[in-house]
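The primary structure of each chain is shown beneath.
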Amino acid sequence: MSNKMDSVNNLLPKLRFPEFQNSPAWKKTPLEDAVSPVVRQVEKPENPYTGLGIRSHGKGTFLKPLESPEKNAMEYLYEVQSDDLIVNITFAWEGAIAIVKQGDSGALVSHRFPTYTFNRDVAIPEFFQYVILDKRFIYNLGVISPGGAGRNRVLNKNDFLKLTVSVPSTVEQQKIADCLTALDDLIAAQSQKVEALQAYKKGLLQNLFPADGESVPRLRFPEFQSAGEWEEKTIGQISENITAGGTPNTSKKEYWNGNIRWMNSGELNYKRVYEVQGRITEKGLQNSSTKIIPSHCVLIGLAGQGKTRGTVAMNMIEVCTNQSIAAIFPNEQVYYSDFLYHNLDNRYDELRRISAGGEGRGGLNLQIIKSLKIILPSLPEQQRIAELLSAIDEQISAQGEVLAALKVHKKGLMQGLFPSMNEVQE
């Protein structure tokens, strides 16, 4: 029995800073030892007021104005200060718990947001901001939020303080917090770099293509300044082959797991499609409406209520597609495929709006795709524009990979710096 208790109460992470290698193990500590309830009651101000709200795990705290006076019927409100721990008792089960940031200090909350201050001899807020991200901690919040779905699930505040968390000494907590905060700063900086490149590309797109009702762009390469107006055509006029695919009968095993690549509409999100997961057999190809399309087709998602409808991609390999993907075959005599890809990729919102079925609830179809208007310059100018935009895409992709790698590194680091918790809170 004692050995089992030792394994539960004395925990060691896989990774530890050198100066803490011989320090005592982490210990499971009741929240009531780490934080204390605090009430800073103030008289209700005139409506509307600025209240502090938390809704979902990972988004932290955010300020929002009161939507209507009726939602503020309570006589008193409560002030929160920087580094307070606050919990949304209605949505605690989905991780609606956060530490108040300095900029939110002095905000007001209702009685639905119990507030706690840290006992800094036991736990520090800089470290605890990572504790509350742990899936096991969020699971335990759900356990003590009985009831049905949504607003019927309310946190039991008495049980909240009985939850236990694993903590090392406050000195080690600070070291871990400093390490993860520095990594968060790197991630934030890298995110800003990606966003800046995306904004730069968006600005270029607005200037490299003519605005509605115009026939020349605002921004043009020097060698094309005197090249004249762009020519308006429809997609059906510039490509003789525009088709949709199909799906072989999924109950026929002999149609699947062959050597022919088959693409589903979710893979449009790859944008430049170099490989797909699906494979069909020659029988599957012959006994369905799918067909092999050449590389460098411009692909458009036809259906789906999510983000897929209107998504534009380009296959860099020969592939078959399902029925929810339209393929515009290349026509090197009239247009440069990469130019058409960038043009249509910039028109995602337009493609969503013109979906058949009214108010965008239906889907696109081949006739809509064929009737889409496109303004084209000469082939050399198309190529020049496409090469510039593709180069920026490559930068965005490269910086996005760096960002993804940093996030993976942080996830692995957190898994190593915090003890593995296999026990479910009882």
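Each value, and the rule that gives it
- Residues numbered from 1 in each chain as written.
- Predicted model: local features only at pLDDT ≥ 70, side-chain atom pairs only at ≥ 80, totals over all residues.
- Heavy atoms only, no water.
- Helix = DSSP H or I, 4+ residues; strand = E, 2+ residues; numbered from the N terminus.
- Buried < 20%, exposed > 50% of the residue type's maximum accessible area, 1.4 Å probe, protein only.
- Contact = heavy atoms within 4.5 Å.
- Areas by Shrake-Rupley, 256 points an atom, 1.4 Å probe, with all protein chains shown as cover.
- Phe/Tyr/Trp six-rings, centres within 6.5 Å; stacked < 30°, edge-to-face > 60°.
- Polar contact = N/O pair within 3.5 Å; in protein donor to acceptor, adjacent residues only side chain to side chain.
- Pairing = 2+ DSSP bridges.
- Axes fitted to C-alpha atoms, helices over the stretch in contact; angles between N-to-C directions.
- pLDDT = per-residue confidence, 0-100.
- Left-handed = near helix turned anticlockwise from the far one by under 90°.
- Nonpolar A, V, L, I, M, F, W, Y, C, P; charged D, E, K, R; others polar.

Trainee: Mind showing me how you'd approach the overall build of the protein here?
Mentor: Check the secondary structure of the protein and you find 12 helices and 23 strands. For the protein, with 426 residues in total, the buried portion stands at 45%. Contacts spanning at least 24 positions in sequence make up 73% of the contacts within the protein whose residues lie at least 6 apart. Total accessible area on the protein stands at roughly 22,600 Å², and carbon and sulfur atoms take up 49% of it.

Trainee: What is the right way to read the packing of aromatic side chains from this model?
Mentor: The relative placement of two aromatic rings is captured by the distance of their centres and the angle of their planes. Scanning the model with the defined rule gives 10 aromatic pairs in all. With centroids separated by 5.4 Å and ring planes inclined at 20°, the aromatic side chains of Phe127 and Phe418 adopt a geometry described as stacked. Taken together, the residues Phe127 in helix α3 (residues 125-131) and Phe418 in the segment after α12 (379-417) connect sequence positions 291 residues apart. A single burial state applies to Phe127 and to Phe418, both of which are buried. Their ring planes at 85° and their centres at 5.1 Å tell us that Trp256 and Trp262 sit as a pair that is edge-to-face.

Trainee: Hey, could you run me through the environment of Val109 in this one?
Mentor: Residue position: Val109 is located in strand β10 (residues 108-109). Remark: the alpha-carbon pair of Val109 and Glu79, spanning 30 residues in sequence, is separated by 6.3 Å.

Trainee: Honestly, helix α4 (residues 135-143) in this entry has me stumped. Any pointers?
Mentor: One turn of the α-helix equals 3.6 residues, which is why residues spaced by three or four share an orientation. Those residues of α4 that fall on the buried side of the exposure criterion are Phe137, Ile138, Asn140, Leu141 and Gly142. If you follow the buried residues of α4, they end up packed against α2 (31-34), β9 (97-99), α3, α5 (157-160) and β12 (164-167). Sitting at the amino-terminal end of α4 is Asp134, which places a side-chain oxygen 3.0 Å from the backbone nitrogen of Arg136.

Trainee: Looking at this structure, I do not really get the sheet that holds strand β14 (residues 242-244). What am I missing?
Mentor: Two orientations exist for strands paired in a sheet by backbone hydrogen bonds: parallel and antiparallel. Ordered by their spatial adjacency, 5 strands build an open sheet running β14-β22-β19-β20-β16, and the pairing between neighbours is mixed. Each edge of the sheet is formed by a strand with only one pairing partner; in this case those strands are β14 and β16 (272-273). Where strand β19 (residues 298-301) meets strand β22 (residues 325-328), 4 bridges bridge the pair, whose relative direction is antiparallel. Note on β22: the bridge partner recorded for Val298 is Ile328. Of the strands in this sheet, β16, β19, β20 (312-315) and β22 are in contact with helix α9 (residues 337-345), which crosses β20 at around 160°.

Trainee: How do you make sense of the pairing of β19 when you look at a structure like this?
Mentor: Within a regular strand, the side chains alternate between the two sheet faces. Side chains of β19 alternate between two faces, with Val298 and Ile300 and Leu299 and Gly301 buried alike. Bridge count for β19 against β20 is 3 bridges, and the pairing is antiparallel. Across the sheet, the residue bridging to Val298 is Met314, located in β20.

Trainee: Help me understand the side chain of Gln173 in this model?
Mentor: Relative to the helices and strands, Gln173 is located in helix α6 (residues 170-208). Side-chain polar atoms of Gln173 contact the backbone nitrogen of Ile124, separated by 3.0 Å. Reaching out from Gln173, the side chain makes a polar contact with the backbone oxygen of Pro168 at a distance of 3.0 Å. With residues near it in sequence (within four places) discarded, Gln173 still touches Val122, Ala123, Ile124, Phe127, Val167 and Pro168.

Trainee: So what exactly am I meant to see when it comes to the confidence of the model for the protein here?
Mentor: Reading fine detail from the predicted coordinates is not recommended where pLDDT is low. Of all residues in the protein, 86% have pLDDT values of 70 or greater, and the mean over the chain is 87. When pLDDT is averaged over each helix and strand of the protein, the minimum, 42, is found for helix α1 (residues 2-9) and the maximum, 98, for β22. Low pLDDT, under 50, characterises residues 1-8; the stretch is placed with 2 contacts to residues that sit more than four places away or in other chains. A low-confidence stretch, residues 65-70 (pLDDT under 50), is modelled with 7 contacts involving residues beyond four sequence positions or located in other chains.

Trainee: When you look at the packing of α9 against α12 in this model, what are you seeing that I'm missing?
Mentor: Angle between the axes and distance between the axes: these two values describe a pair of packed helices. Where α9 meets α12, the closest approach of the two axes is 8 Å, and the angle between their N-to-C directions is 65°. With respect to the hand of their crossing, α9 and α12 are arranged in left-handed fashion. Facing α9, whose interface residues are Asp338, Phe339, Tyr341 and His342, α12 presents Gln382, Ile385, Ala386, Leu389, Ser390 and Asp393. When its residues are assigned to classes, the contact of α9 with α12 shows 5 nonpolar, 3 polar and 2 charged.

Trainee: Can you walk me through unusual backbone geometry in this structure?
Mentor: Leaving glycine aside, a negative phi is the common case for residues, and trans is the common case for peptide bonds. In this structure, Asp83 is a non-glycine residue whose phi angle is positive, near 75°. Examined against the element boundaries, Asp83 turns out to sit in the loop between β7 (76-79) and β8 (85-87). The exposure class of Asp83 is partly exposed, given its relative accessible area of 27%.

Trainee: What exactly am I supposed to notice about the sheet that holds strand β11 (residues 115-118) here?
Mentor: With antiparallel pairing, 4 strands are arranged side by side in an open sheet as β3-β11-β8-β9. Only two strands of the sheet have a single neighbouring strand rather than two, namely β3 (35-37) and β9. Strand-to-strand, the axes of this sheet are offset by a mean angle of 30°, without reference to chain direction. Note: β8 against β11, 2 bridges, orientation antiparallel. Bridge pairing links Leu85 to Tyr116 in β11.

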